[in-house]
Amino acid sequence: MISRLARTAALPLALLLLTACNGGDGKDASPGARPTRHPVFDQALDRQVFLALRETQRAGSASFTQTLSFGSAKGTAVQTLSGELDFAKGAGEAAVKWQVPEKHSAEVRKALLGSTPGRASGTASAGFVVDRQRIHYRAASSGYRLRYDSADILAAGDGSDPIGHLRGSESPIGGLLLEGMGSADAEARQNGPAGSRTYRAEMPFSTGWTMFPADLRKELAAEMGTSALRTGFPLTVSVDRRGRITHGRADMSRLLRKSGVLADVTSLTMDLTLSGFGSSKPAAAPTGNVRRVAEAVMPMRDVRSGGCVDFDSGRRAAHVVVDVPCSGPYDARVFAQIPLRPGATKAETQERADIACMIARDMVAPARMPKSPEIWAWWTPAGMSGPGGKDLVTCYVTTKRGDS
């Protein structure tokens, strides 16, 4: 027989045991109530990576760092992308930086960084701010930002890599591994410290393929055939006890081929780390010198004679430049636009263009030519010049920044 005092003392212990069985949050503690189900861990295994992505997005915001590594005996080329994500507002801020070992050729740098009308490769560092209506892009060498509105982003879809690649679907910032996690199927799960979990999963080939800029994809797997679609990319995903993604790693080496510019590259991996859930905040809309793309960005063929340009528009497209004042630093100056019919071959056309620009150079006033000019000729067929256009060669000289 138990005394009244003993029964009273035993009651809190019973409640404690019931609470412990219910996850420790005190909810649904009434007799017969169902235990609270975890939004990720208590669901079907194959859906848990997808559900972890949704829990990550429900956190509202996060900080991230992602590295894309092209391994080679000549050294590993690495793109580092870092910044802040606001899932609720569809906004993000990021900085991108490339490190390409000196042993790699100019062709490899061009494949990885993109190309310009007067350099072997595009810029190695830049920053951008993204929201649902626009993208603000800034090259590291520029004192201004370019504002791409929705109409500009759609117009950039010209077969080269559009600026829209910087915008994602699962994440405000494009090209992140989060894009691939949305369609990944978990195959195994392992418990970790502090209630965390680590998953082994497979990311579909078609999803991983689209995470790279269009021009870079041309140097990777030749085509996305039926056999390629059947096998995805190995993926590991770590989540915290609340089911939010903290790290992901994908081995995408099967995109590499044994021929072409990137033939020396033997491994391709993508690593993403997330932190600061709910507390990270991307920068607000940029202020200062912001230029509208509709007014500032144009094909090289449309730059007026005597005009000056920057090469980095953010689009990885060699024929697109930014119109800038000649009173400040610039990358190139156009000194002539000459109608010119094509030759019988591409090489003959380029030879004619080079000769035309050399002759035009001798007719230009010395005051309009920078020190030690390097002459370039950019030939454009009539079909790319719009209605009534002509076959045209644009003659220009490149300069070092500040040497105008």
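Just above, that's the structure.
What you see is a predicted model; the values in this text were computed from it and never measured. (Residues numbered from 1 in each chain as written. Predicted model: local features only at pLDDT ≥ 70, side-chain atom pairs only at ≥ 80, totals over all residues. Heavy atoms only, no water.)

### As for a nonpolar patch on the surface
To be explicit about the condition: Patches draw on residues past 30% relative accessible area with no salt bridge. Two like charges within 9 Å are joined, as are two nonpolar side chains (Val, Leu, Ile, Met, Phe, Trp, Tyr) within 5 Å. In these tables, accessible area is a Shrake-Rupley quantity obtained with a 1.4 Å probe, and a residue counts as shielded only by the protein chains included in the view. Salt bridges are identified by distance alone: a Lys or Arg side-chain nitrogen within 4 Å of an Asp or Glu carboxyl oxygen. A run of H or I in DSSP counts as a helix once it spans at least four residues, and a run of E counts as a strand once it spans at least two, with each numbered from the N terminus. When a residue's accessible area, from a 1.4 Å probe over protein chains only, is under 20% of the maximum for its type it is buried; when over 50% it is exposed; and in between it is partly exposed.
Taken together, Ile 355, Ile 359 and Met 363 make up a surface patch of nonpolar side chains, about 350 Å² in accessible area. Residue placement: Met 363 occurs in helix 10 (residues 346–363). Its relative accessible area of 69% is what places Met 363 among the exposed residues.

### Let's talk about the state of the cysteines
Threshold: A pair of cysteine sulfur atoms is labelled a disulfide when the two atoms are within 2.5 Å.
Tallying each qualifying case throughout the model produces 2 disulfides. Paired by a disulfide, Cys 308 and Cys 326 hold their sulfur atoms 2.0 Å apart. When the S-S torsion is 105°, as for the bridge of Cys 308 with Cys 326, the disulfide is right-handed. Placement of the pair is Cys 308 in strand 14 (residues 308–310) and Cys 326 in the loop between strand 15 (320–324) and strand 16 (332–339), with a sequence separation of 18 residues. In the protein chain, the bonded cysteines, numbered by position in the sequence, are linked as 1-2, 3-4.

### Structural notes on the sheet that holds strand 16
For clarity, the cut-off: Strand pairing follows a simple DSSP-based rule, namely that at least 2 bridges must link the two strands. Under this scheme, a helix contributes an axis fitted over its contacting stretch, all axes are lines through C-alpha atoms, and angles between N-to-C directions fall in the 0 to 180 degree range. The contact definition used throughout considers only heavy atoms, calling two residues in contact when any of these lie within 4.5 Å.
Strand order in the open sheet formed by 6 strands is 13-15-14-16-18-17, and the pairing between neighbours is antiparallel. Looking along the sheet, the strands with just one partner apiece sit at the ends: strand 13 (297–299) and strand 17 (374–380). In this sheet, adjacent strand axes meet at a mean angle of 45° when their direction is disregarded. Packing against the sheet, helix 10 makes contact with strand 16, strand 17 and strand 18 (392–398), and its axis sits at approximately 130° to strand 17.

### So, the packing of aromatic side chains
Formally: Each aromatic pair joins two rings of Phe, Tyr and Trp (for Trp, the six-membered one) with centres within 6.5 Å, and gets the label stacked for planes under 30 degrees apart, edge-to-face for over 60, and tilted for any other angle. Put simply, a charge is over a ring when the Lys NZ or the Arg CZ is close to the ring centre, within 6 Å, and near the line of the ring normal, within 35 degrees.
Across all of its chains, the model carries 4 aromatic pairs by this definition. Summarising the aromatic geometry, the rings of Phe 205 and Trp 209 are spaced 6.2 Å apart at their centres and angled 15° between planes, so their arrangement reads as stacked. One end of the pair is Phe 205 and the other is Trp 209, both in helix 6 (residues 205–209) and 4 residues apart, which spans about a single turn. Owing to a relative accessible area of 12%, Trp 209 belongs among the buried residues under this scheme. Through a chain of ring-to-ring contacts, the aromatic side chains of Phe 205, Trp 209 and Phe 233 assemble into a single cluster. One Lys or Arg, Arg 197, reaches over the ring of Phe 41 and ends 4.1 Å from the middle of that ring. One residue, Arg 291, lies across the ring of Tyr 144, its end atom 5.6 Å from the ring centre.

### Remarks on unusual backbone geometry
The phi torsion at Ala 194 lies on the positive side, around 55°, for a residue other than glycine. In this fold, Ala 194 is placed in the loop between strand 7 (185–191) and strand 8 (197–203). Taking relative accessible area as the criterion, Ala 194 reaches 69% and is therefore assigned exposed.

### Considering empty space enclosed by the protein
Note the following rule: Cavities and pockets were defined on a 1 Å grid built from protein atoms only: a cavity is a group of points that admits a 1.4 Å probe but offers it no way out, a pocket is an open group of points flanked by protein on both sides within 12 Å along at least five of seven lines, and a lining residue is one with an atom within 4 Å of any such point. Grid points are joined across faces, edges and corners, and a volume is the space filled by probe spheres set on the points. Basically, the charged four are Asp, Glu, Lys and Arg, the nonpolar ten are Ala, Val, Leu, Ile, Met, Phe, Trp, Tyr, Cys and Pro, and anything else, Gly included, counts as polar.
If you walk through the whole model with that rule in mind, you get 1 cavity of 30 Å³ or more. There is about 530 Å³ of room inside the largest cavity. Contributing to the lining of the largest cavity are 37 residues, with Gln 79, Val 96, Trp 98, Leu 166 and Arg 316 lying nearest its centre. Mapped by element, the contributors of at least two residues to the lining of the largest cavity are strand 1 (61–72), strand 2 (77–86), strand 3 (91–99), helix 3 (106–113) and strand 4 (125–130). Per-element tally for the lining of the largest cavity: the top contributor is strand 4, with 3 residues. When the residues that make up the lining of the largest cavity are grouped by side-chain class, the tally is 19 nonpolar, 13 polar and 5 charged.

### Here's the deal with the environment of Pro 329
Residue placement: Pro 329 occurs in the loop between strand 15 and strand 16. On the basis of relative accessible area, Pro 329 is assigned to the partly exposed category, the value being 48%. A sequence separation of 20 residues divides Pro 329 from Val 309, and the C-alpha atoms of the two residues are 9.2 Å apart.

### Concerning the nonpolar core
Basically, it comes down to this: We define the nonpolar core as a collection of buried residues of types Ala, Val, Leu, Ile, Met, Phe, Trp, Tyr and Cys that are connected through side-chain atoms lying within 4.5 Å of one another.
Counting residues in each nonpolar core, the largest one holds 76 residues, and the members touching the most others are Leu 112 and Leu 255. The element best represented in this core is strand 11 (residues 265–275), accounting for 5 residues. In contact with Leu 255, not counting residues within four places along its chain, are Phe 205, Trp 209, Phe 212, Leu 220, Ala 221, Phe 233 and Leu 268. One finds Ala 356, Cys 357, Ala 360 and Val 393 within the second-largest nonpolar core, a separate group that totals 12 residues.

### Focus on the side chain of Ser 196
Worth spelling out the cut-off: Distance and chemistry together define a polar contact, namely a pair of N or O atoms within 3.5 Å, with one atom able to donate a hydrogen and the other to accept it when in protein, and with adjacent residues in sequence counting only for side-chain atoms on both sides.
Structurally, Ser 196 is set in the loop between strand 7 and strand 8. A distance of 2.8 Å separates the side chain of Ser 196 from the backbone oxygen of Pro 193, its partner in a polar contact. If we skip the residues at most four places from it in the chain, Ser 196 touches Gln 190, Asn 191, Val 239, Asp 240 and Arg 241.

### Things to note about the pairing of strand 7
In the case of a regular strand, side chains alternate between the two sheet surfaces. Pairing of strand 7 with strand 8 involves 6 bridges; the strand directions are antiparallel. Within the sheet, the bridge partner assigned to Ala 186 lies in strand 8 and is Ala 201. In this antiparallel pair of consecutive strands, strand 7 and strand 8, the connection spans 5 residues, and Ala 194 shows a positive phi of 55°.

By themselves, these are just geometric observations and shouldn't be taken as functional.
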